[in-house]
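An overview of the molecular structure
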Amino acid sequence: MESPVSAYFVSTTTRRSNSLQTMLDTLKLWSMRSVNILTRKPLCSFNASYVRLKLCFVYFRGSFVVCPILPTDCIIPTYISVSVNMPNLGFPENLFHISYQAIKTPELEFALCVQPVFDYDKPLQFLEWIEFYKLMGVQSFTFYNETIGPKTSCLMRTYAEVVVLNWSPVFTPYVDIPVHSQGTQTNECVLRYRGRSKFLLNVDFDEMIMPSIAANYTEMFEQILEGAGAPPEAQISAFVFRNGFFFKNEFLKETELSNGSNNSTQLDGAMKRKLVISKFIREEELWKPYERSKCIVQPNLVRKAGVHYLLESKPGTFMHTVLPEIGYLHHYRETENKHRVFSKSDVVGSGRLIEKSADRFRDLLARVVLQKLKQHSQLCDLDIDNLLK
């Protein structure tokens, strides 16, 4: 488990612009300085004026701090400390290790982070979700754990490609922080995978970036980049996928569902019906780009990330909205009322349509998820019959 305060060294083309980027979360501070503990020399000073946010009614939010390292700084720091109006330069109480990640050829094609996870213990949903993204080509997963339940935690430990980080409050109750400081986590994720992964997703457990035609993300990106008017890949910092809400509590009739393979058992059928991607009823209109959208970014081209779009990209690069005919975000939620889900009337209409592009993955996912449930039922205390009710 790691601290929710992270520091990364960013090496750029000129040494003068080398810098430390520090993600500060939940710090109830007004004036702070970061210090190189080897030399006791302050690297930079900055003010963090936290105010009550008008809409969220919270006091604090994450802070993104850049400390330039000049050529005169002959000793490159390995740790950083953050303090309040330091009266003296004694040994600091809080030490954060600095990660040095140079821009290089990434070893991974696709990596994924999940926003801070709290009060979550849904083993069946988790298995479907992670196996879907593995099928798409994701090779590494990072979770920011607040309160993941025992069954899901147990299943996470069975995946070699999964890393779980501690994302606990530092100095203030989380009631004072908007959406569990998801914005801070998003930037931490980008810095963590910069130089390690060519492409990076940051999504939640109820979100699947779904190719409309392709079998996986590699094929989907070929379609995106070969499309008419598509810019060169090197100029795209983020691929934006529009949001479409699917209704988890609205079902098709059995006669409208595909039967799958002829040799399916009763247990296979129950498994397929329980899959989230079996929910084919969608709100008619997709959301506009940048409204509830999610991105697949190139971490090496991101300066500052947002939850639904980038806040700042490398100069000369920009965001590219993917056509829904190629892929879009399948967002699975309960219906809040009989007309709308989480949407403003001027953004999305209240009509419905049936969208079955995910149906082609159902048989394979059902088999894999059922196999995983059987394989780990004893280890993770999973009651398969109860999960499939």
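Residues numbered from 1 in each chain as written. Predicted model: local features only at pLDDT ≥ 70, side-chain atom pairs only at ≥ 80, totals over all residues. Heavy atoms only, no water.

Per the counting criterion, the structure on display carries eight salt bridges. Residue arginine 333 pairs with aspartate 206 through a salt bridge whose shortest N-O separation is 2.5 Å. Residue arginine 333 is located in strand β20 (residues 327-333), and its partner aspartate 206 is located in the loop between β11 (197-203) and β12 (207-211); the two are separated by 127 residues in the primary sequence. A relative accessible area of 23% places arginine 333 in the partly exposed class. Using a relative accessible area of 14% as the deciding quantity, one classes aspartate 206 as buried. (Salt bridge = Lys/Arg side-chain N within 4 Å of Asp/Glu carboxyl O. Helix = DSSP H or I, 4+ residues; strand = E, 2+ residues; numbered from the N terminus. Buried < 20%, exposed > 50% of the residue type's maximum accessible area, 1.4 Å probe, protein only.)

Viewed as axis vectors pointing N to C, helix α5 (residues 266-274) and helix α6 (residues 362-376) meet at an angle of 110°, and their least axial separation amounts to 9 Å. If you check the angle between α5 and α6, you find them roughly perpendicular. Here Leu267, Asp268, Met271, Lys272 and Arg273 of α5 come into contact with α6, specifically with Arg362, Asp363, Ala366, Val369, Leu370, Leu373 and Lys374. Tallied by class, the residues present in the contact of α5 with α6 amount to six nonpolar, no polar and six charged. (Axes fitted to C-alpha atoms, helices over the stretch in contact; angles between N-to-C directions. Parallel < 35°, antiparallel > 145°, perpendicular 65-115°, else oblique. Contact = heavy atoms within 4.5 Å. Nonpolar A, V, L, I, M, F, W, Y, C, P; charged D, E, K, R; others polar.)

Let us look at the confidence of the model for the chain. With 66% of its residues at a pLDDT of at least 70, the chain reaches an overall mean of 79. Within the model, pLDDT remains below 50 along residues 46-57, and this stretch shows 28 contacts once partners closer than five positions in the same chain are excluded. (pLDDT = per-residue confidence, 0-100.)

Below, the discussion takes up the sheet that holds strand β19 (residues 318-321). With mixed pairing, seven strands are arranged side by side in an open sheet as β10-β9-β8-β11-β16-β13-β19. Edge positions in the sheet fall to β10 (162-166) and β19, since each of these pairs with one other strand and no more. Ignoring strand direction, the axes of neighbouring strands in this sheet form an average angle of 25°. Here five bridges tie strand β9 (residues 140-145) to β10, and the two strands are oriented parallel to one another. Each bridged residue has a counterpart across the sheet, and for threonine 142 the counterpart in β10 is valine 163. The strands touched by helix α1 (residues 123-136) within the sheet are β8 (108-117), β9, β10 and β11, with β9 carrying the most contacts at an inclination of about 145°. Contacting β8, β11, β13 (236-241), β16 (294-297) and β19, helix α4 (residues 217-226) crosses the sheet at an angle of about 105° to β13. (Pairing = 2+ DSSP bridges.)

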